[in-house]
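Architecture and fold: a report
Chain by chain, the residues:
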Amino acid sequence: MENETKNVTEATENTEQTPEAAQAAPAAEGPAETAAPAEEKTTRIPIEKLSPRQLLELDACTRCGECSNWCPAYDQDQREPLNPRGRAALFKDIISRQHGVFNADSFLGKLLGKKPVTDEEMQEFAKDLYACSTCMQCHFVCPVLIDTVELWERIRECVVDAGYGPLETQKDLVLKTKNYDNPWGQPRSSRARWGKMAKKKKRIKDAPKDISKKPAEVLYFVGCTASYDNNVEEVGINSVNIFDHAGVDFGILGNKEKCCGSVLLRMGDRESFKRICTENIEQFNDLGIKTLVTSCAGCLKTIKEDYAKFGKLNFEVKHTLEYVVELIKSGRLKLTNDVNLKITYHDPCHLGRHAGVFDAPRELLSLIPGLEFVEMERNRENSRCCGAGGGLKSGYPDMQNQISQKRVAEALTTGATELVSACPFCYQGLQVGIQAMDAPINMRDITELVCMALGEGPADEAEKKE
Amino acid sequence: MYLYFEATAALYTLTVITVLLLVAGIICSVVLWSKGKAKSLHHQLNIGAVIKAFIVDVVLQLQILKVSFVRWLMHFCIFIGFMGLLAQTTVIAFMSHFLPADLAVSKSFFVSEASAVGGAGARVLDVWGDVFGLMLVVGLVIAIIRRYVVRAAQLETMLKDTMSITLLTVIALTGFLSEAFRLMDPQFASIAWYSFAGYTLTNILEAIGIGAMNYKLWVWIHALVSFFFLAYIPFSKAWHIFVSPIEIVLDASERA
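In this text the structure is predicted, and so the values were computed from the model without any measurement. (Residues numbered from 1 in each chain as written. Chains lettered and ligands numbered in written order. Predicted model: local features only at pLDDT ≥ 70, side-chain atom pairs only at ≥ 80, totals over all residues. Heavy atoms only, no water.)

**Some points on the overall build of chain B**
- Secondary structure assignment for chain B yields ten helices and zero strands.
- For chain B, the α and β elements follow one another from N to C terminus as α-α-α-α-α-α-α-α-α-α.
- A principal-axis box enclosing the C-alpha atoms of chain B has dimensions of 60 × 45 × 30 Å.
- Sequence separation of 24 or more characterises 72% of the internal contacts of chain B that already satisfy a separation of 6 or more.
- Taking the average place of the 16 positive charges on the side chains of chain B and the average place of its 14 negative ones, the gap between the two points comes to 12 Å. (Helix = DSSP H or I, 4+ residues; strand = E, 2+ residues; numbered from the N terminus. Contact = heavy atoms within 4.5 Å. Lys, Arg positive; Asp, Glu negative; His and termini not counted. Charge placed at Lys NZ, Arg CZ, Asp CG, Glu CD.)

**Quick look at the domain arrangement of chain A**
All names here are of chain A.
- As assigned here, chain A comprises domain 1 (2-13 + 45-165) and domain 2 (177-465).
- Its C-alpha centre places domain 1 at a distance of 29 Å from the equivalent point of domain 2.
- Taken residue by residue, the interface counts 31 residues in domain 1 and 30 residues in domain 2.
- Taking both sides of the interface into account, the surface hidden between domain 1 and domain 2 amounts to around 2,700 Å²; carbon and sulfur atoms contribute 54%.
- One can count five salt bridges joining domain 1 with domain 2.
- Residue Lys-309 is joined to Glu-150 by a salt bridge in which the shortest nitrogen-to-oxygen separation is 2.8 Å.
- For the pair domain 1 and domain 2, the number of links is 14 residue pairs in polar contact (both at pLDDT 80 or more). (Domains from an automatic or database assignment. Buried area = accessible area lost by both parts, 1.4 Å probe. Salt bridge = Lys/Arg side-chain N within 4 Å of Asp/Glu carboxyl O. Polar contact = N/O pair within 3.5 Å; in protein donor to acceptor, adjacent residues only side chain to side chain.)

**Examining the interface of chain B and chain A**
- Taken residue by residue, the interface counts 36 residues in chain B and 39 residues in chain A.
- Overall, the association of chain B and chain A removes approximately 3,100 Å² of surface from exposure, summing both partners, and the carbon and sulfur fraction of that is 57%.
- On the chain B side of the contact with chain A, Leu-32, Gln-154 and Glu-247 of chain B bury the most area, a combined 21% of that side's loss.
- Where chain B packs against chain A, one counts six salt bridges.
- We note a salt bridge from Glu-156 of chain B to Arg-63 of chain A, for which the minimum N-O separation is 3.2 Å.
- At the boundary of chain B and chain A, one finds 22 residue pairs in polar contact (both at pLDDT 80 or more).
- Those elements that provide at least two residues to the side of chain B that touches chain A are helix 1 (9-33), helix 3 (62-65) and helix 10 (240-255) of chain B.

**What about the packing of helix 1 of chain B against helix 9 (residues 215-232) of chain B?**
All names here are of chain B.
- Helix 9 packs onto helix 1 with a crossing angle of 20° between their chain directions and a minimal axis gap of 8 Å. Here helix 9 runs roughly parallel to helix 1, going by the angle between their axes. Crossing geometry of helix 1 relative to helix 9 is assigned as left-handed. Counted together, Ala-10, Leu-11, Leu-14, Thr-15, Thr-18, Leu-21 and Leu-22 of helix 1 and Trp-220, Ala-223, Leu-224, Phe-227, Leu-230 and Ala-231 of helix 9 form the full contact between these two elements. (Axes fitted to C-alpha atoms, helices over the stretch in contact; angles between N-to-C directions. Parallel < 35°, antiparallel > 145°, perpendicular 65-115°, else oblique. Left-handed = near helix turned anticlockwise from the far one by under 90°.)

As structure tokens, this is what we get:
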């Protein structure tokens, strides 16, 4: 298997393949699993994978429809199964017919006219189930505060187990994550390439040290998107420059870094997630670090919130911007240069609603001199999702594009020239909308503004395009 | 012991059947829930958070108030009105069976040889019933206007929505009508205003020429519809009245 992986590495090591390109073209030869395992479909939903509370949640829905006012997917396609209320009702109907006291096979069920669940129904249900970015907006507006995202992810797990999920276009991401430890199907050996290239181009002083060889207090977890996507590698470069500026004792895992597994969990492949999560927890805990810092909202949510359900972490987990605020407050970092830009901030769903980090980005923006910050109409808990998460971008790219355009349009109404976020995935997702609209607004990661205020200068646009 | 309406064997039988059906319905739901084998809670139950959420989000429903006053008023009135009436009926039923008849408190609450209208306790029940009954009516009127007149965009009306609203409306109306017709009887004249809503209806009915009717017939209609509704609860939209609070407090505990 190692040889096979090496072949993949050699075949793709010298390419500048973006994650998008990687998604379009299947990974090179020789992955550990070249195709999805033969699927055995069964219309029977394995409800034992859900908790009693989650089954109760299906009854707790009051059908008030508040979620339908906010759901970004339903906003694009107003079919009832696409909104959380409809999805919960449909799933309840399916499991009642299969597992309820009056199920379709029972005498009373037959008497009541209950029909067995068909293959077509399951296919339709699965298709609509994945038309969700797991943005968690529905939880925040639900008067019953149903833990919706956890519920959808568990239902996805059931659907995967039954052989109906994920969608064809999403299977590739899952397979690549399992085979290459990143959803973009890029070789493990080129994971740290961004650092070497940045050093070569003199964008950073030194390539970050390998923490597995030289221990450090802080592990900078770069994440798959910032590691492999050339358009987003600024996030890593900026973070490294900030840490260097403040004299932080940090390191990265380099090629030993693996995907946090978010993709697997969101797609419903909990078993594979469990494996990657357990391996990561063991690896992180063995490093003896005090803090794990990541610039990716998805990684933060996964490591901080989801890993805690599978094992104990012996360190704290922070987003880069939270850590930067601490550095500034402790006097280790001084933002001295004026950044004369009018910006608006997009709360990433996984950072805001999922991890509860709403104040830190605003505090950081207020500490940057010269910056004019304007809030969008929908912000904080009600921030409009960019549509990139939860597999929506790979499953429903057109819908994601439309959702993203709505968010970009909202940003434009503020009069800001810069749309700032704190997640490489949102960066990609919003970029889709900006390009589709040819919108006069620049997408920036929050670390870029910090670098500008440090006098490190903004990323060179020409170099970025190159 | 009884108040205004004597329990008969038929009423007892129907009560037992209703309770059995209600319990069976609850068991059906619990059986389905118990088929889930994953962990329900990832943290220890936080009692402080549970109590706070129960007061703020279950009883006061402030999370709905933040979104819309009208929706809050509707939901709060239906919830509190329904629970208040259910509690009143339950209290009367239990007291009339388990309280010894010769106690002063029993005489205060129920009809006795000394008084056909009961004592101070009965007046509490009169006011109690009208306050919560009126709340239920206010909530239902708003719900009917929102769902069937204004047709709020976010609402999707299914048969179970209409069933619950219809049954609750019939329960509330027959409750007040039975009270209004009872209060036409002169023997209740001295205590009529304690049932302020019912008595107002009495005056309206008399003003439009509707005379005294056998109020016990209306009580029977009220009881039958109420029994049907109670037995139907676990299979109806109203099931959320009991289930949603569980989720609200569990979520608060998990996020505390």
